[in-house]
Every structure is written in C-alpha cells, then in structure tokens.
Amino acid sequence: MTIAAAIDAIARPGFASTVVEGISRPVGVAHLSVFLFQQALSPVVALAFSRDGSDIARRAGEAYLRLGLYLGDPLRSALRARLDDGDATVRLFSDDPGAANAARRAFFARFDLGQRLTIFGHTRLGWMSVNLYRDRDAATLPRKDLRALEQVAPLIHAAVARHLELVDPSIGGIDLDGVLGERLKRLDRGLTPRETDVCLAALGGRANAEIAAALGIGLSTVGTLRRRAYERLGVSNIAELFLVCLNATR
C-alpha cells in the first residue's frame, strides 16, 4: 500500500479517490468519510467518497450523525483501552459490523457497509476521524494487513488534515477553547481555573511540557493539575476527557 500519490494530490479535486485507490488493493476500501469535531463539539462530515461513484459515503455519514450513532460508537471504549494519559497520537481502530448493537447493525446493512477502519487523532483542525469502510462481503482484514495500514495511518491522517486546511482555510480558523470551556463548566465538577486551563490546553493537543511553558508553571505542577482535574471529572486519559466534553448536555 502507498500514499505517495495521495500526498501529491493534496488540495486537488481527486484527492479522496487517490487516498482510497492507494489503499484499496490490500485493504479493500469501498468508502471514505471524514468527521471533524468542531463547533459545539458536534461532528461534521468534512469529506466523503465512494469508490463506485455513488453518494453512499456522504449519505451514510450524514445519517450516522443525524441518528446520533456516534454517541454510542465502540470507538469510545477502544479509545479508553488504547490511549495513554496525555496521548493525542493518531491511532487506528477496527470495527466489525457483526459485533455492533442492533441500531448500528441496521445502519451498516442499510448502506451495505463492511468492516470499518477508523484513524482517529488530533490535528490543527481539532479532533478528526478518518473512516475507511470495506466491502460488505470482504472477509475480516488479516492481522498483517491491519498492521501494514497501522504503519501508514498517521500519514493518511496528516494528509487528509492538510488537504482540508488548503481546500477550506476557514476550517482551521475555529477556536474551540470557548466551547470546550463551557462544556467543562457545564459538567459542574468543581474544576479550578488553572485545572480548566490545563484541560483546555491538553484538548488542544499540547503535551505537558508545552502546557507548562504556555502557562508559566512547572512541569510537575501541570501533572498535578491534570491528575486532579481528571479525578474530578472521572476520566483517566485525554480521549476520555474529550468524550466527556462531547457528551456534556445543556
């Protein structure tokens, strides 16, 4: 599998098809959909492409959001299991339709979707998931092919983010701090102003050392503030913190 052609196609009309074609031979990808978590932390479909020329990827993405299926996505438990404290690194997750709940099985069947491979992580645009749907009749991807995809997943994720930045500069201009701050306050868990600052910086993809420099405090202090905030919020890592904010209601 190669993504060299996809990198060359960044900001060009055929970018999405080039991404899919570059990994379709070993992986059997039929559809691509990209979600960005931006204003009010509501995901939006930022990019969609179906290899057969249909609009299935776009319609499926819109239905997934409209039905609120993302709130019960198994990606949430995968994030809890695989992301370490403070880790906003791009990761690859596999989702088998056969293991889904009734609502999600119906969704996969409605759009004739097979195994989903999700590349999730933080970019300058915010949190982003790149979803690769395989053919419904395709067998579960062998472990060796999954590992091969895992090796290039960060490059795919970065290429997609860069493409979106260039084709729509307004995407990168959204400041989530206010939205995230309101969500944290809405949780009413008694965070101190400094704990909130640290959480917001972490959600922005900053490492502890960067947070310490930005806030003018010691590295150990950042660790202490982060640990206390996580305890108050009942989370154990950055992914859980994001999901808590995502699910906070008015």
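Within each chain, residues carry numbers counting from 1 in the order of the written sequence. In view of the model being predicted, local features appear only for residues whose pLDDT reaches at least 70, and side-chain atom pairs are presented and counted only at 80 or more, with totals across whole chains, interfaces and linings using the full set of residues. For the side-chain quantities, the full set of heavy atoms in the structure was used; hydrogens and water were omitted.

**A look at the confidence of the model for the chain**
The pLDDT score gives, residue by residue, the confidence of the prediction method on a 0 to 100 scale. Residues of the chain with pLDDT of at least 70 account for 82%, and the chain-wide mean is 82. Numbering goes from the N terminus for both helices and strands, where a helix is a DSSP run of H or I of at least four residues and a strand is a run of E of at least two. Per-element averaging of pLDDT across the chain places helix α4 (residues 75-82) at the bottom with 59 and helix α10 (residues 219-233) at the top with 94. Segment residues 83-88: pLDDT under 50, and 16 contacts once partners within four positions in sequence are set aside and those in other chains are kept. Contacts are residue-level and defined by heavy atoms, with any inter-residue pair within 4.5 Å sufficient.

**Brief notes about helix α5 (residues 102-110)**
Here the term buried applies to any residue with accessible area under 20% of the maximum for its type, exposed to any over 50%, and partly exposed to those in between, with areas from a 1.4 Å probe on protein chains only. Three or more residues of α5 are buried, namely R104, F107 and F108. Axial view of α5: buried residues confined to an arc of 95°, hence all on one face. Those residues of α5 that are exposed and aimed more than 90 degrees away from the buried face are A102 and R110. The first or second residue beyond α5 is D112, which carries a positive phi of 55°. Directions from the helix axis toward the C-beta atoms define the arc.

**Regarding helix α8 (residues 193-203)**
Counting buried positions over the eleven residues of α8 gives eight, a clear majority of the element. Within α8, burial applies to E195, T196, V198, C199, L200, A201, A202 and L203. Remark: G205 follows α8 within two positions and exhibits a positive phi of approximately 90°.

**So, unusual backbone geometry**
The residue A11 is not glycine, and still its phi comes out positive at about 75°. The phi dihedral of D112 is positive, around 55°, even though this residue is not glycine.

**Some remarks on the pattern of salt bridges**
It is possible for side chains of opposite charge to pair when their charged atoms get near one another. By definition, a salt bridge exists where a carboxyl oxygen of Asp or Glu is found within 4 Å of a side-chain nitrogen of Lys or Arg. Using the criterion set out here, one finds nine salt bridges in the structure. E21 serves as the salt-bridge partner of R51, at 3.0 Å between the closest nitrogen and oxygen. Highlighted residues: R51 in the loop between β2 (43-50) and α3 (56-66) and E21 in helix α2 (residues 15-27), separated in sequence by 30 residues. The exposure class assigned to E21 is partly exposed, which follows from its relative accessible area of 40%. Among the ionic pairs, D55 bridges to R59, the shortest N-O distance being 2.9 Å. Among the ionic contacts, a cluster of salt bridges with common partners joins D55, R58, R59 and E62.

**Structural notes on the nonpolar core**
Only buried residues count toward a nonpolar core, which is a set of Ala, Val, Leu, Ile, Met, Phe, Trp, Tyr and Cys residues joined through side-chain atoms within 4.5 Å. The biggest cluster of nonpolar side chains holds 31 residues, and the ones touching the most others in it are F15, L132 and I156. Secondary-structure elements contributing two or more residues to this core are α2, β1 (29-37), β4 (113-123), β5 (126-135) and α6 (143-167). No other element matches the eight residues that α6 contributes to this core. Beyond its immediate chain neighbours, meaning those up to four positions away, L132 contacts I23, V29, H31, L32, Q115, R116, L117, I119 and L149.

**Details of the side chain of E165**
If you trace the backbone, E165 turns up in helix α6. Not counting residues within four places of it along the chain, the set of residues in contact with E165 comprises R124 and L125.

**Remarks on the packing of aromatic side chains**
Whether two aromatic rings pair depends on their centres lying within 6.5 Å, for rings of Phe, Tyr and Trp, where Trp uses its six-membered ring; planes under 30 degrees apart make the pair stacked, over 60 edge-to-face, and the rest tilted. A complete count under the given rule lists six aromatic pairs for this structure. Ring centres of Y64 and F107 lie 5.1 Å apart, and the angle between their planes is 55°; this geometry places the pair in the tilted category. Highlighted residues: Y64 in helix α3 and F107 in helix α5, separated in sequence by 43 residues. Judged by relative accessible area, Y64 falls into the buried class, the value being 2%.

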